[in-house]
Amino acid sequence: MLGLMAGTAAYAQDKPVVGLITKTEGNPFFVKMREGAQAKADELGIDLRTFAGKFDGDNDSQIAAIENLISSGAKGFAIVPSDSSAIVPTIQQARDAGLLVIVLDTPLDPIDAADATFATDNRKAGELIGSWAKGTLGDKAADAKIAFLDLAVNQPTVDYLRDQGFMAGFGIDVKDPNKYGDEDDARICGHEMTAGAADGGRTAMETLLQKCPDVNVVYTINEEAAAGAYEALKAVGKDDGSILVVSVDGGCPGVANVKAGVIGATSQQYPLKMAAMAMEAIKKFADTGEKPAATPGLDFFDTGAALVTDKPVTGVESIDTAKGAELCWG
């Protein structure tokens, strides 16, 4: 019996330690990431350690998680950074210690501060919903009044990429493509922060309605913010379909809201795929030392995005909510 127990302990120690660090614990997007990572870790014989921040933007908890993984002798980890710039020095410490670092969803600034990035092309995701909104409005797009419900004041990469992608798709001069707020297009009502949460979306929408009561397009950083925005619109009788609400994520509640008409269109991304691929890449690195490559022509590996809407626009490729529901998460 003792020999069997010793052998079992040795086997457990032989499993490579790999980490997954997400922004928060309860967000359905990150729940699906953990599910994908754990399933793939079990399949590959990986000792997966998972960590999360206490809130979106909690850089300190992510630093502590990385330090924990370094001291644990991990082979590498995947991370969704809460602050795509502030985390870079700690990422470098991990790389210097020999860990493979794969960023998921939210690229670092600069993007090459990680060994690899597996993500939706967030700028393209924004372009899809921007092009759809422009096509849906037709000639009225020239006189649109657009409310931007963004993520955070520090503008992490995922925040400005989606925002600026929407602008490009809609036909707005973005000025600096790596930040928002410097545009001079009269159609922009303003930018308010939501923290990617429903209550933040509602408050942001209430603020922008006071500034622009004639708003007719609402860009939202994600579908939780969109749900909150819709509640604010409903409270003032503007839930009659006259205002286009667009978003990004493609979670099952978001797709259901597209079907219900709460959201006009959303760009769907695939968190389970991102996390599973990261586990495979880190295991391969542990076995062979080989690092993953980017998609040709890009500086990251594109895990795909699809526009979900039941009101397609000519020239903008999309899938309907029935297909979106088959592919959704959360």
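Below is a short write-up of the structure. Since this is a predicted model, take the numbers as computed values, not measurements. (Residues numbered from 1 in each chain as written. Predicted model: local features only at pLDDT ≥ 70, side-chain atom pairs only at ≥ 80, totals over all residues. Heavy atoms only, no water.)

1. Considering the nonpolar core
Among the nonpolar cores identified, the biggest contains 29 residues, and Trp132, Ile146, Phe148, Phe166 and Phe170 are the most heavily contacted of them. A total of six residues in this core trace back to one element, the largest contributor, which is helix α5 (residues 122-137). In terms of nonpolar packing, the next biggest core, distinct from the first, is built from 25 residues, Met33, Leu48, Ala278 and Trp329 among them. (Core = buried A, V, L, I, M, F, W, Y, C linked by side-chain atoms within 4.5 Å. Buried < 20%, exposed > 50% of the residue type's maximum accessible area, 1.4 Å probe, protein only. Helix = DSSP H or I, 4+ residues; strand = E, 2+ residues; numbered from the N terminus.)

2. Overview of the packing of aromatic side chains
To describe a pair of aromatic rings, you give the distance between the ring centres and the angle between the ring planes. Taken as a whole and judged by the stated rule, the model has seven aromatic pairs. Judged by centre distance (5.5 Å) and plane angle (80 degrees), the rings of phenylalanine 29 and phenylalanine 30 are edge-to-face. There is no split in this pair, since phenylalanine 29 and phenylalanine 30 are both buried. With 5.6 Å between their ring centres and 45 degrees between their planes, phenylalanine 148 and tyrosine 219 make a pair best called tilted. (Phe/Tyr/Trp six-rings, centres within 6.5 Å; stacked < 30°, edge-to-face > 60°.)

3. Concerning the packing of helix α2 (residues 28-44) against helix α10 (residues 271-288)
It is at 7 Å that the axes of α2 and α10 come closest, and there the two elements cross at 35 degrees. Of the two possible hands of crossing, α2 and α10 adopt the one that is right-handed. Of the residues in α10, those in contact with Phe29, Lys32, Met33, Gly36, Ala37, Lys40 and Leu44 of α2 are Pro271, Leu272, Met274, Ala275, Ala276, Met279, Glu280 and Lys283. The class makeup of the residues in the contact of α2 with α10 is ten nonpolar, one polar and four charged. (Axes fitted to C-alpha atoms, helices over the stretch in contact; angles between N-to-C directions. Left-handed = near helix turned anticlockwise from the far one by under 90°. Contact = heavy atoms within 4.5 Å. Nonpolar A, V, L, I, M, F, W, Y, C, P; charged D, E, K, R; others polar.)

4. A short note on the state of the cysteines
Per the counting criterion, the structure on display carries one disulfide. Through a disulfide, cysteine 252 is tied to cysteine 328; the S-S separation comes to 2.0 Å. Since a negative S-S torsion denotes a left-handed disulfide, the cysteine 252-cysteine 328 link at about 90 degrees is right-handed. Of this pair, cysteine 252 sits in helix α9 (residues 252-260) while cysteine 328 sits in the segment after α11 (321-327), and the two are 76 residues apart along the sequence. Take cysteine 252: its relative accessible area is 23%, and that puts it in the partly exposed class. (Disulfide = S-S within 2.5 Å.)

5. Quick notes on the sheet that holds strand β5 (residues 116-119)
The strand order across the open sheet formed by six strands is β2-β1-β3-β4-β5-β11, and the pairing between neighbours is parallel. Single-partner strands in this sheet number two, and they are β2 (47-52) and β11 (301-302). Pairing of strand β4 (residues 100-104) with β5, which is carried by three bridges, proceeds in the parallel orientation. By the bridge assignment for β5, leucine 104 is matched with phenylalanine 118. Most of the contacts of helix α3 (residues 59-71) go to strand β1 (residues 17-22), to which it runs at about 180 degrees, and overall it touches β1, β2 and β3 (76-79). Along the sheet, α10 makes contact with β1, β2, β3, β4, β5 and β11, crossing β4 at roughly 170 degrees. (Pairing = 2+ DSSP bridges.)

As far as function goes, none of this settles anything; it's purely spatial.
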